[in-house]
Amino acid sequence: MLYKLTEEQDMIWTMVRDFSREVVAVKAAERDKTKEFPIDNLNQMAELGLMGMMVPPEYGGSGSDTISYVLALSEIAYSCASTAVVMSVHNSIVCESILKYGTEEQKKKFLKPLAAGKYIGAFALTEPQAGSDPTLQKMTAVKDGDYYILNGTKRFITTGENCGLAIVTAKTDKSQKHKGISAFLVEKGTPGFTVGRREEKLGLCASDTTDLIFEDCKVTAANLLGKEGAGFKISMTGLDGGRIGIAAQSIGVAKAAFDASVQYAKEREQFGKRIADFQGIQWIFADMKVDIEAASQLMFSVAAAKDRGERYTTQASIAKLFASEMVNRVTAKAIQIFGGYGFTKEYPVERFYRDARVFTIYEGTSEIQRVVISRDILKDK
Ligand code: CAA
């Protein structure tokens, strides 16, 4: 650990590491096959305060800082990346956006059940034709007295099927690009809000990714998050935090792949000695270690910047870009070290490799992170 933790951060880290390895790890491989949603993990995580980690105690949360949060999230990802992505979207985007932009009434109404794990949060920005460019969204919200009528389809929504509450963006002014987008808090069960197709995926198989369909869905104006037209900014600031979460997930999965590989290399013998005794393998470990430590430094640095209240958009993109690319390198090397066994389901490294693949894609592709970083480099100061 290169970052000096406080006693409280260290305590949270240890508590989540023990829980993750004793509880979450047990069913992770099976879940990958059955695609069973990890509600059992999430319920226990709520009891441990992990579903409202950065929510202040007055709204039922744990009031932890971002450093503690990334430590906890990476430990959950170490055992089960499917569970970690649910935790990440729920905490980093949903809870944080309500905390930052919600009215007092919205905070009181929604943060408590979110922190208690009664509602799992989803974030619905993407549409079939609007991925990297969310301004292309077609979903509409038309004001009708004290309500908005929502119509449209959202795609690739993490926890779409299992969420209790979704932050949903829609155009309130079709003539505008980003300034015409607004954000709404929509509860599952609202008439006109249904779940569409569930994606069959390469990895993160126990986390559901679905379409959300809105047909004349009537949402009270009291559930408008922030001002009309603020939905794009709310989404971008939510994604700033979300990208720190993806860095943490990446580091958790990379550490799991690294630890499994080191253990295997110490046991596996070829040519009369442990494969760990070959310099070719040792140097792969050295490179994996450097990659993980570098990503961890970036993660801690951006988490600390967020805790200090600084603007951290670019730092979040840097950490997300590096960590998500890093875990793809590390998990590929892990499979190489395991040889033929690495390609089978007998060992966990093929799951790590599949789970990590989406990290360079969701919450902004690597290319989008480079857009954010390069715009900051070239902007007139
Ligand atoms: N924080 C606050 N405001 C921001 C911001 C940020 N990080 N980024 C942009 N803005 C503001 C700008 O200041 C600007 O405001 P003004 O109009 O007041 O000047 C406004 O937003 C528009 O900004 P841009 O002109 O930079 O917008 P753009 O259309 O060029 O897009 C982008 C910028 C960075 C490429 C953005 O579109 C983007 O991040 N795209 C990727 C979308 C994405 O990550 N999707 C992931 C889906 S969600 C998901 O994966 C979750 C899941 O379930 C796992």
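Structural notes, computed from the coordinates. Only a predicted model underlies this, so the values are computations on that prediction, with no experimental measurement involved. (Residues numbered from 1 in each chain as written. Predicted model: local features only at pLDDT ≥ 70, side-chain atom pairs only at ≥ 80, totals over all residues. Heavy atoms only, no water.)

**Quick word on the overall build of the protein chain**
For the protein chain, the count of helices and strands is eleven helices and ten strands. Counting only C-alpha atoms, the protein chain reaches 80 × 50 × 40 Å along its principal axes. Within the protein chain, the fraction of its 381 residues that count as buried is 55%. If you take every contact in the protein chain between residues at least 6 apart in sequence, the share linking residues at least 24 apart comes to 73%. Accessible surface computed for the protein chain: about 16600 Å², of which carbon and sulfur atoms make up 53%. (Helix = DSSP H or I, 4+ residues; strand = E, 2+ residues; numbered from the N terminus. Buried < 20%, exposed > 50% of the residue type's maximum accessible area, 1.4 Å probe, protein only. Contact = heavy atoms within 4.5 Å. Areas by Shrake-Rupley, 256 points an atom, 1.4 Å probe, with all protein chains shown as cover.)

**A closer look at the nonpolar core**
Membership of the largest hydrophobic core comes to 94 residues, with the highest contact counts inside it found for I76, M87, I98 and F359. If you tally residues by element for this core, the top one is helix α7 (residues 231-267), at 15 residues. V168, F193, V219 and L224 belong to the second-largest nonpolar core, a separate cluster that totals 19 residues. (Core = buried A, V, L, I, M, F, W, Y, C linked by side-chain atoms within 4.5 Å.)

**What about the packing of helix α5 (residues 81-101) against α7?**
Two elements in contact, α5 and α7, have axes whose closest approach is 9 Å; the angle formed by their N-to-C orientations is 150°. Classified by the angle between their axes, α5 and α7 sit roughly antiparallel to one another. The chirality of how α5 crosses α7 is right-handed. For the pair α5 and α7, contact is made by A81, A84, V85, S88, S92, I93, S97, K100 and Y101 and by K233, I234, T237, G238, L239, G241, G242, G245, I246, Q249 and V253, respectively. Residues belonging to the contact of α5 with α7 are distributed by class as follows: nine nonpolar, nine polar and two charged. (Axes fitted to C-alpha atoms, helices over the stretch in contact; angles between N-to-C directions. Parallel < 35°, antiparallel > 145°, perpendicular 65-115°, else oblique. Left-handed = near helix turned anticlockwise from the far one by under 90°. Nonpolar A, V, L, I, M, F, W, Y, C, P; charged D, E, K, R; others polar.)

**Considerations on the packing of aromatic side chains**
For the coordinates displayed, the defined rule picks out nine aromatic pairs. The interplanar angle of 25° and the centroid separation of 4.7 Å between the aromatic rings of F193 and F214 together place this pair among those described as stacked. Within this pair, whereas F193 is found in strand β6 (residues 193-198), its partner F214 is found in strand β7 (residues 209-220), the two being separated by 21 residues in sequence. Each member of the pair, F193 as well as F214, carries the same accessibility label: buried. Members of the aromatic cluster, connected to one another through ring pairs, are Y264, F338, Y341 and Y347. (Phe/Tyr/Trp six-rings, centres within 6.5 Å; stacked < 30°, edge-to-face > 60°.)

**Points about the pattern of salt bridges**
What the rule picks out here adds up to 21 salt bridges. E199 is the partner of R197 in a salt bridge, and the nearest nitrogen-oxygen pair spans 3.0 Å. Look at R197 and you get partly exposed, because its relative accessible area is 45%. Measuring nitrogen to oxygen at the nearest pair gives 2.8 Å for the salt bridge that ties D291 to R329. Of this pair, D291 sits in helix α8 (residues 279-307) while R329 sits in helix α9 (residues 313-338), placing them 38 residues apart in sequence. Owing to a relative accessible area of 11%, D291 belongs among the buried residues under this scheme. (Salt bridge = Lys/Arg side-chain N within 4 Å of Asp/Glu carboxyl O.)

**What to know about the site of the ligand**
Of all residues adjacent to the ligand, which total 24 residues, the nearest are T158, H178, R243, E363 and R375. Residue D240 places a side-chain N or O atom 3.0 Å away from a nitrogen atom belonging to the ligand. Between the ligand and the protein, one listed contact pairs an oxygen atom with a backbone N or O atom of E363 at 2.8 Å. When the ligand sits alone it has 1100 Å² of accessible area, and the protein chains cover 75% of it. Of all the secondary structure elements, the ones that give two or more residues to the shell around the ligand are α7 and α11 (366-378). Sort the elements by how many residues they give to the shell around the ligand and α7 lands first, with seven residues. Taken together, the residues of the shell around the ligand break down into nine nonpolar, eight polar and seven charged. (Near = heavy atom within 4 Å. Polar contact = N/O pair within 3.5 Å; in protein donor to acceptor, adjacent residues only side chain to side chain.)

**Points about the side chain of E96**
By the element assignment, E96 lies in helix α5. Ignoring sequence-local partners within four residues, the contact set of E96 consists of M54, N91 and K306.

**Notes on the packing of α9 against helix α10 (residues 349-356)**
Contact geometry of α9 with α10 gives a least axis separation of 9 Å together with a crossing angle of 160°. Taken together, the axes of α9 and α10 are roughly antiparallel relative to one another. Viewed along their axes, α9 and α10 form a crossing whose handedness is left-handed. Contacts from V327, N328, T331, A332, A334, I335 and F338 in α9 reach V349, E350, F352, Y353 and A356 in α10. In terms of residue class, the contact of α9 with α10 is built from nine nonpolar, two polar and one charged.

**A closer look at the pairing of strand β3 (residues 147-158)**
When strand β2 (residues 140-144) meets β3, the two strands line up antiparallel, connected through five bridges. Bridge pairing in β3 places T140 opposite N151. Linking β2 back to β3 in an antiparallel pair, the connection comprises two residues, with G145 at a positive phi of about 65°. Pairing of β3 with β7, which is carried by nine bridges, proceeds in the antiparallel orientation. Its bridge partner lying in β7, T158 is registered against T209. (Pairing = 2+ DSSP bridges.)

**Regarding unusual backbone geometry**
Keep in mind that most residues, glycine aside, have a negative phi and that most peptide bonds are trans. Within the chain, F156 stands out as a residue other than glycine whose phi angle is a positive 60°. When you line up the elements, F156 lands in strand β3. Exposure remark for F156: the relative accessible area of 48% places this residue in the partly exposed category.

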